[in-house]
Amino acid sequence: QVQLVESGGGLVQAGGSLRLSCAAPGRTLSNYAMGWFRQVPGKEREFVAVIGWSDSSPVYAESVKGRFTISRDNAKNTVYLQMNSLKPEDTAVYYCAADMRWGTPTRTYEYDYWGQGTQVTVSA
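Residues numbered from 1 in each chain as written. Predicted model: local features only at pLDDT ≥ 70, side-chain atom pairs only at ≥ 80, totals over all residues. Heavy atoms only, no water.

**Q** Any chance you could explain the state of the cysteines here in plain terms?
**A** Here a disulfide denotes one covalent bond, and it connects the sulfur atoms of two cysteines. Per the counting criterion, the structure on display carries one disulfide. Put simply, Cys-22 and Cys-96 are joined by a disulfide, and their sulfur atoms are 2.0 Å apart. Between Cys-22 and Cys-96, the S-S torsion sits near -80 degrees, and that sign places the bridge as left-handed. Taken as a pair, Cys-22 in strand S3 (residues 18–23) and Cys-96 in strand S9 (residues 92–99) lie far apart in primary sequence, 74 residues in all. Taken as a pair, Cys-22 and Cys-96 share a single burial class, namely buried. (Disulfide = S-S within 2.5 Å. Helix = DSSP H or I, 4+ residues; strand = E, 2+ residues; numbered from the N terminus. Buried < 20%, exposed > 50% of the residue type's maximum accessible area, 1.4 Å probe, protein only.)

Written out as structure tokens, the structure reads:
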């Protein structure tokens, strides 16, 4: 099993920025597609962003395109989600996910491994 640990969440005012990190202690992530999802109480987990093995052509949800940037550092076994121009609607628990496959999966059921989540709260 791949253990994923998210960090970097917190409280920020609208218009501010946060950078989330996802690490896999003791395990390389170089052969995994890495995704970010988010979930609010009473709603289903939704796709945010994904980056494949090659680092090329990341895919973003329309709601975050132009504001969020996903990246990865395989040497550090870490993926990041830079979140700028945050809105109250971005408030959620953010989850990191990994799947050993080609491409850029965007569905929750396509991922085998998940982190515990980190809370992001954006105040108006």
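So, next bit.
**Q** How should I be thinking about unusual backbone geometry in this particular structure?
**A** Leaving glycine aside, a negative phi is the common case for residues, and trans is the common case for peptide bonds. Phi at Asn-77 takes a positive value of approximately 50 degrees, unusual for a residue other than glycine. The topology assignment puts Asn-77 in the loop between strand S7 (68–73) and strand S8 (78–83). Under the relative-accessibility criterion, Asn-77 is labelled buried at 19%. The phi angle at Ser-85 is positive, at roughly 50 degrees, despite the residue not being glycine. With respect to the element layout, Ser-85 can be found in the loop between S8 and S9. Taking relative accessible area as the criterion, Ser-85 reaches 42% and is therefore assigned partly exposed.

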